[in-house]
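Now for the letters of each chain:
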Amino acid sequence: MRSYLVCFRDSCREEYPIDSVLYQCPKCGGLLEAAYCWDCTAASGWKALWRNRRLDNSALEQSGVWRYRESIPFLEDVGQIVSLREGNTPLLAAPLAAQYAGLDALTFKHQGFNPTGSFKDNGMTCGISQAVRLGKTLVGCVSTGNTSASMAAYASAAGLKPVVFLPHGNISFGKLSQALEYGALTLQVHANFDQILAFVRQIADRAGLYLLNSINPFRIEGQKTIAIEMVDQLDWRVPDWVVMPGGNLGNCSAIGKGFLEMHEVGLIGRLPHIAVVQSAGSAPFFEFMKAPSEGGFRPVESPETLATAIRIGDPVSWPKAWSVLRRTNGVVERVSEQEIADAKAVIGRAGIGCEPASAATLAGIRKLVANHTIQPDDHVVGVLTGNLLKDPDYIYRYHTGQLKTPGGEPITSTYGNRPIDVAANADAVVGMLEKLQ
Ligand SMILES: *Cc1c(COP(=O)(O)O)cnc(C)c1O
Ligand SMILES: [Zn+2]
């Protein structure tokens, strides 16, 4: 099947070979995306093909990304694929979270079950496989944490050298540890995320570095399969709403592209509404969507939020996300630090757990139900983007009443659960346990 890169701007639509090393359209500077000439007749057989592959133990079919490879046919040779068995993430029913949000039912698609603990793995298997195809040996990214963890793992698994650029002092220890353990050259730069990204884009070609930031169109291809796996797991029933946090807005662009393409080839008969949730201290897309216009996007100068994975002031993928919201009749919501912290604790109490950015999903759903955008009986799937253990420091502070907003305001531990010091005294401990019954 023919695959190519195409400029995302409607006014340009310039096409480039699929193996070009480009991050932006050379003609107009627009974003690039992978595109294909779909064969809708062949697509009618994909559902059965994909379901049958679950019985196959080969590495390729065990991947929850590459099992759906007919939907991401940008490689000529599947022998170049680098997989850590990403995807395969569960749909989890969460009655407690549904109740909190004011819904009859709520299901989470938990991307934190991925090999390095976030949805970045869905995209990275594609980005690194493309790097191998291009013959690259050095790969790099700027990251708030999860991209670097994922890139380091996949690059090392492929025998490539990962180089990670991090904003100095603004990364959770869990994520930094992963980059180190997976063998990345780890550079902590004294600048914020957006500044470092601009810097690295300048030096990439000179340094021979293949960039795997979310501007990389192949990562978007892998993340598309989150949508496909979701509806496969739902036996091809399409939810009314799919809700996720938004930072750089790559993930909502990808999940939206997944739904739009499934619709285009006839795998699904309708589209869900996509809802994106931002943290109030880092919500340029929310502001933009109040009065959207070409050229009307205003970055946030100093984004601040404890949900570091969505602490992005100048999201590169906003034009794609805007298009997804228009085409799915979607919305964007914003939530406070307190709302994120409480929603996160509720997800924990449900026995599920997630990192702070992911909890924006539930906080956002709750607001969208309260303002009647989402109806209580709607079929809602919330995407939880990252694993609970990514940010243990945040959790400890919340439960012990020490969590503060970036501005220094205390956050109330509404669902706090402190550890209790006790002596090894049987009567005292039994007395405590009796109260639990
Ligand atoms: C990267 C990330 C996000 C933000 O996704 P974008 O594609 O940048 O919008 C949200 N949550 C987690 C856990 C992430 O790792
Ligand atoms: Zn262009």
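Our subject in this report is the structure included herewith. (Residues numbered from 1 in each chain as written. Chains lettered and ligands numbered in written order. Predicted model: local features only at pLDDT ≥ 70, side-chain atom pairs only at ≥ 80, totals over all residues. Heavy atoms only, no water.)

1. What about empty space enclosed by the protein?
- Summed over all chains, the structure comprises three cavities of 30 Å³ or more.
- Of the volumes computed, that of the largest cavity is approximately 300 Å³.
- Forming the boundary of the largest cavity are 27 residues, of which Phe119, Lys120, Gly247, Asn248 and Ala309 lie nearest the centre.
- Breaking the lining of the largest cavity down by element, the ones donating at least two residues are α6 (146-158), α9 (217-233) and α10 (250-264).
- Broken down by element, the residue count for the lining of the largest cavity peaks at three residues, all from α10.
- When its residues are assigned to classes, the lining of the largest cavity shows ten nonpolar, 14 polar and three charged. (1 Å grid on protein atoms, 1.4 Å probe; cavity = no way out; pocket = protein on both sides within 12 Å on 5 of 7 lines; lining within 4 Å. Points joined across faces, edges and corners; volume = space filled by probe spheres on them. Helix = DSSP H or I, 4+ residues; strand = E, 2+ residues; numbered from the N terminus. Nonpolar A, V, L, I, M, F, W, Y, C, P; charged D, E, K, R; others polar.)

2. A look at the side chain of Ser282
- Mapping Ser282 onto the fold places it in the loop between β11 (273-279) and α11 (284-290).
- Not counting the four nearest positions on each side in its chain, Ser282 is found in contact with Pro303, Glu304, Thr305, Ile310, Arg311, Ile312 and Gly313. (Contact = heavy atoms within 4.5 Å.)

3. Re unusual backbone geometry
- If you check the backbone angles, Trp236 has positive phi at about 70° while not being a glycine.
- If you trace the backbone, Trp236 turns up in the loop between α9 and β10 (241-245).
- In this structure, His372 takes a positive phi of about 65° despite not being glycine.
- Its location among the elements puts His372 in the loop between α14 (356-370) and β13 (380-384).

4. Examining the sheet that holds strand β8 (residues 185-189)
- If you trace the four strands from one edge of the open sheet to the other, you get β8-β7-β6-β9, paired in parallel fashion. Of all the strands in the sheet, just β8 and β9 (210-211) have a single pairing partner and so form its edges.
- Looking at chain direction, strand β7 (residues 161-167) and β8 are connected through five bridges and run parallel. Paired with Val163 across the strands is Leu185, a residue of β8.
- Docked against the sheet, α6 engages β6 (138-142) and β7, running at close to 170° with respect to β7. (Pairing = 2+ DSSP bridges. Axes fitted to C-alpha atoms, helices over the stretch in contact; angles between N-to-C directions.)

On their own, these measurements won't tell you what the molecule is for.
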